[in-house]
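Here is what each chain is made of, one letter per residue.
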Amino acid sequence: MLFKGNSKKGNGKYSSKTKSARPETPFESRRRALAEQEAALKAQAEKHQRFIEVAPQIAAERQRQQREMFLRNAAQTDRTAPRGAVQLPDSRYLYNEATVAAPRSRRRDREKGKWMFFFLIIALLAAICWAWQTLAHPAF
């Protein structure tokens, strides 16, 4: 009891002990929740504002990349075309980078496939004739 009166913290009507021990009222909890929500909204608005400031730079960079890709594709020469001919990029796949452009088959590849099919049919007919001659008319 000797040192109780010397402390300035404990004196007074609203000491820190009584404030922390007092339960939070619904009004105070609502005010605290609104303050937290306001802080979150301010942070989100600041983030959006930064994006708005950076968006023209991002758009310019994407446009530059698309222009470079277009020029790089336009500069490719076609192997089957005459010397110096330029192959323009396929516009179906120009703007959609996620899809992979499947190369079209060439006419000579299709013709080669037709000839291969024809020779395989001839070989199958020859095998059938040989099997018929061997199995249907035995030599013994």
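All values reported here derive from a predicted model rather than from experimental measurement.

## Section: the overall build of the chain
Scanning the chain from N- to C-terminus turns up 3 helices and 0 strands. Along the chain, from the amino end to the carboxyl end, the secondary structure elements read α-α-α. Per-residue burial for the chain yields a buried fraction of 3% across its 140 residues.

## Description of the confidence of the model for the chain
In this model, the chain carries an average pLDDT of 79, and 64% of its residues clear a pLDDT of 70 or more. Confidence scores differ between elements of the chain, with helix α1 (residues 16-21) showing the lowest mean pLDDT of 58 and helix α3 (residues 107-136) the highest of 92.

## Considerations on the pattern of salt bridges
What the rule picks out here adds up to 7 salt bridges. Where Glu24 meets Arg32, a salt bridge forms, and the shortest distance between an N and an O atom there is 3.2 Å. Judged by relative accessible area, Glu24 falls into the partly exposed class, the value being 43%. What makes Arg32 partly exposed here is its relative accessible area of 41%. Here Lys114 and Glu111 are joined by a salt bridge, their closest N and O atoms 3.7 Å apart. Placement of the pair is Lys114 and Glu111 together in helix α3, with a separation of 3 residues, close to one helical turn. Judged by relative accessible area, Lys114 falls into the exposed class, the value being 53%.

## A word on the packing of aromatic side chains
Under the counting rule described, the total for this entry stands at 3 aromatic pairs. Counting every residue linked through ring pairs, the aromatic cluster contains Trp115, Phe118 and Phe119.

## A short note on a nonpolar patch on the surface
A surface patch of nonpolar side chains, about 940 Å² in accessible area, is lined by Trp115, Phe117, Phe118, Phe119, Ile121, Ile122, Leu124, Leu125 and Ile128. Looking at the secondary structure, you find Ile121 in helix α3.

The rules we used
For every chain, the first residue of the written sequence is number 1, and numbering continues from 1 along that sequence. Per-residue local features are limited, in this predicted model, to residues with pLDDT of at least 70; the limit for side-chain atom pairs, both in listing and counting, is 80 or more; totals at the level of whole chains, interfaces and linings are taken over all residues. Neither water nor hydrogens contribute to the side-chain values; these are computed over all heavy atoms in the structure. A run of H or I in DSSP counts as a helix once it spans at least four residues, and a run of E counts as a strand once it spans at least two, with each numbered from the N terminus. Burial classes follow relative accessibility: with a 1.4 Å probe on protein chains only, a residue under 20% of its type's maximum area counts as buried, one over 50% as exposed, and anything between as partly exposed. Per-residue confidence from the predictor is reported as pLDDT, which spans 0 to 100. For salt bridges, the criterion is a side-chain nitrogen of Lys or Arg within 4 Å of an Asp or Glu carboxyl oxygen. In this scheme Phe, Tyr and Trp rings, the latter by its six-membered ring, pair at centre separations within 6.5 Å, and the angle between planes marks the pair as stacked below 30 degrees, edge-to-face above 60, and tilted otherwise. Patch members must show over 30% relative accessible area and no salt bridge, and they are joined within 9 Å when carrying like charges or within 5 Å when they are nonpolar side chains of Val, Leu, Ile, Met, Phe, Trp or Tyr. Per-residue and other accessible areas were derived by the Shrake-Rupley procedure at a 1.4 Å probe size, with only the shown protein chains allowed to occlude residues.

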